Structure formats: C-alpha cells, structure tokens
Amino acid sequence: RHQCEREVASDVVQRGIATGFGREHLEEQAAACQARIPGADVREGVAESLPWVDGTFGAAMCPLVVAWMSDADQGIGEMARVTKPGGTVAAAMWDIPGGGLPMLSHFWRAAREIDPTLANEQPRAGVREGDLVERFGRAGLQGVTGGTLETSVDYADFDDYWQPFTGGAGPATAAFYASLDDAGKATLRDTVRASLPEGPFTLPARAWLALGTVPV
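The rules behind these values
Residues numbered from 1 in each chain as written. Predicted model: local features only at pLDDT ≥ 70, side-chain atom pairs only at ≥ 80, totals over all residues. Heavy atoms only, no water. Phe/Tyr/Trp six-rings, centres within 6.5 Å; stacked < 30°, edge-to-face > 60°. Helix = DSSP H or I, 4+ residues; strand = E, 2+ residues; numbered from the N terminus. Buried < 20%, exposed > 50% of the residue type's maximum accessible area, 1.4 Å probe, protein only. Axes fitted to C-alpha atoms, helices over the stretch in contact; angles between N-to-C directions. Parallel < 35°, antiparallel > 145°, perpendicular 65-115°, else oblique. Left-handed = near helix turned anticlockwise from the far one by under 90°. Contact = heavy atoms within 4.5 Å. Nonpolar A, V, L, I, M, F, W, Y, C, P; charged D, E, K, R; others polar. Pairing = 2+ DSSP bridges. Right-handed = clockwise from strand over helix to strand, strands pointing away. Expected span 1.5 Å × (residues − 1). Core = buried A, V, L, I, M, F, W, Y, C linked by side-chain atoms within 4.5 Å.

Trainee: Would you mind going over the packing of aromatic side chains with me for this structure?
Mentor: Pairs of aromatic rings are described using the distance from one ring centre to the other and the angle between the two planes. In this structure the tally under the stated criterion is 14 aromatic pairs. Seen in terms of ring centroids, Trp162 and Tyr177 are 6.1 Å apart; in terms of plane orientation they differ by 70°. Their pairing is edge-to-face. Of the two residues, Trp162 sits in helix α6 (residues 158–166) while Tyr177 sits in helix α7 (residues 171–179), which places them 15 residues apart along the sequence. Each member of the pair, Trp162 together with Tyr177, is buried. Of the aromatic side chains, those joined through ring pairs into one cluster are Phe107, Trp108, Tyr155, Phe158, Tyr161, Trp162, Phe165, Phe176, Tyr177 and Phe201.

This is the structure in structure tokens:
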C-alpha cells in the first residue's frame, strides 16, 4: 500500500496535503506527515470540504482514500475545485471485490470459516472497475481515463503480515477482530496463518486508477 501511495502522490506532496479520513487519528497523521515533509502545507480537514481556496494546486491526487469518504462524489468534486484549470486530478482505490488485495482476502476467508453468517461488506466507492471513471465524469472532469496500478508487498514472516490487523488497520477488519474474544482471535490468526507460506512471502496488490483534467 505505501509503495502505491508514494507513486501516486509523490508529485504533489510539496504543494499541500489534506488528511480526509481516519478522523480518530487525524492529529497524529498530520503531525507525522509534517515531520516527514517539513515544507508541505499540512492541514487537518475532511475530503468533502478541503481547506483550500479554488485553484490552489496544479494537481490533486487521492491514493486509496475514496472508499472511506462519506460522500465520494463530493470529495472528488472538492479535488477538482482546488485544482487549477488544466490541472490533473487522479485517484486510485483497491480492487477489493475482484481479489486485487489478497492481504484482505486471506483475512475475510478465514473470518467466514469462523462465522459463516458473516455478511459481505457493503460495496464501497471506487473498488469496482470503472467506478472512479464514472465519478470523475460526474465531477465534470475532461479527458477521463482509467487504468490499474500493480504493486506487491513483501513480508518478513507471518507476524509481519498479521501485526496491522491487531492494531486496528481498516475499519471493517478492526471491528470484526475486536468483536472476538481471545480464543476467537487465536483461532482467526491460526486459520489465516494456515493459508499463507512459512517464512518470507510476497502478496500482489491491484488498484483501479482514474485521471482527469479540470476544464480550462
């Protein structure tokens, strides 16, 4: 994930960054970003109401965030608003229903072995093919194109893979993990572990991409 985020966002981090999701950790995320990139204009805010005036940036990019917006169309519209005419707007989101994020697939497969009644997570914005492109069109962006970003994540071992789940990574996985007692958490861990290789391993990841231009 972090590699994909860097590839999409590297050209705009010097101009300004808004943190629009994970609100319970907003202050620490902003502080960490400011420390990593001292020259960036880091502000706390939400994606649906960005704290910049119209036409502030030459580009606005949103890697792996659209699915967590409360109103994805409004958030994309805000990206277009703060981008100068002729500037680029881009977003990427994991192909979750298409199996493009095996890191999560292994977790949920094991979860459903433990609880077969577990309902499928409600579809989120941006996770199906073409969804971002459609939303960019509705935002009035021109020359909209779609594509995919392919990356992979290397894990030193199973513990390296599993640690984020125990720390609350992802609202849905965090909620399910927290709902289990200690025995249930151990069973979940063992079930997931049985589906993955011993020692170091690599998992691929695929995200949908959309790019568009703000009308001049």
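Structure's up, so let's keep going.
Trainee: Hey, could you run me through the packing of α6 against helix α8 (residues 182–194) in this one?
Mentor: When two helices pack together, their arrangement is given by the angle between the helix axes and the distance between those axes. Between α6 and α8, whose axes approach to 11 Å, the crossing angle comes to 135°. As far as their axial angle goes, α8 and α6 are oblique. Every pair of crossing elements has a handedness; the one defined by α6 and α8 is right-handed. On α8, the residues that touch Phe158, Asp159, Tyr161 and Trp162 of α6 are Leu188, Arg189, Val192 and Arg193. Residues belonging to the contact of α6 with α8 are distributed by class as follows: 5 nonpolar, no polar and 3 charged.

Trainee: Would you mind going over the pairing of strand β4 (residues 83–94) with me for this structure?
Mentor: Along any regular strand, the residues point their side chains to alternate faces of the sheet. As paired elements, strand β3 (residues 57–63) and β4 share 6 bridges and run parallel to each other. Within β4, the residue paired with Cys62 across the bridge is Ala91. With respect to chirality, the unit in which β3 leads through helix α3 (residues 72–81) into the neighbouring parallel β4 is right-handed. Note: β4 against strand β6 (residues 201–213), 7 bridges, orientation antiparallel. Paired with Ala91 across the strands is Ala210, a residue of β6.

Trainee: How should I be thinking about the side chain of Glu78 in this particular structure?
Mentor: Mapped onto the elements of the fold, Glu78 is located in helix α3. Looking at Glu78, the relative accessible area reads 12%, which means it is buried. The residues contacting Glu78, other than those within four sequence positions of it, are Ala47, Glu48, Ser49 and Leu50.

Trainee: What should I look at first to understand helix α4 (residues 102–114) in this one?
Mentor: One turn of the α-helix equals 3.6 residues, which is why residues spaced by three or four share an orientation. The end-to-end C-alpha distance of α4 is 18 Å, a good match for the 18 Å that 13 residues give at a rise of 1.5 Å each. Considering only its buried residues, α4 is in contact with α6, α7, α8 and β6.

Trainee: Hey, could you run me through the sheet that holds β4 in this one?
Mentor: In sheet architecture, strand pairing relies on hydrogen bonds along the backbone and comes in two forms, parallel and antiparallel. Pairing in this open sheet of 4 strands is mixed, and the strands run β3-β4-β6-β5 from one edge to the other. Only two strands of the sheet have a single neighbouring strand rather than two, namely β3 and β5 (142–155). Across the sheet, the axes of successive neighbouring strands diverge by a mean angle of 20°, strand direction being ignored.

Trainee: Can you help me understand the nonpolar core in this one?
Mentor: Most often, soluble globular proteins keep nonpolar side chains buried together rather than apart. With 49 residues, the main nonpolar core has Val66, Phe107, Tyr161, Trp162, Phe176, Leu188 and Val192 as its most contacted residues. Broken down by element, this core gets its largest block of residues, 7 residues, from β6. Leaving out residues up to four positions away in the same chain, Tyr161 has contacts with Met103, His106, Phe107, Tyr155, Val192, Leu196, Phe201 and Leu203. In terms of nonpolar packing, the next biggest core, distinct from the first, is built from 5 residues, Ala30, Ile37, Ala40 and Val42 among them.

Trainee: I tried to follow the packing of α4 against α6 on my own but got confused; where do I start?
Mentor: The geometry of α4 relative to α6 is characterised by a closest axis approach of 12 Å and an angle of 70° between their N-to-C directions. Considering the angle they form, α4 stands roughly perpendicular to α6. Listed contacts from α6 to Met103, Leu104, His106 and Phe107 of α4 are Tyr161, Trp162 and Phe165. In the contact of α4 with α6, the residues fall into 6 nonpolar, 1 polar and no charged.

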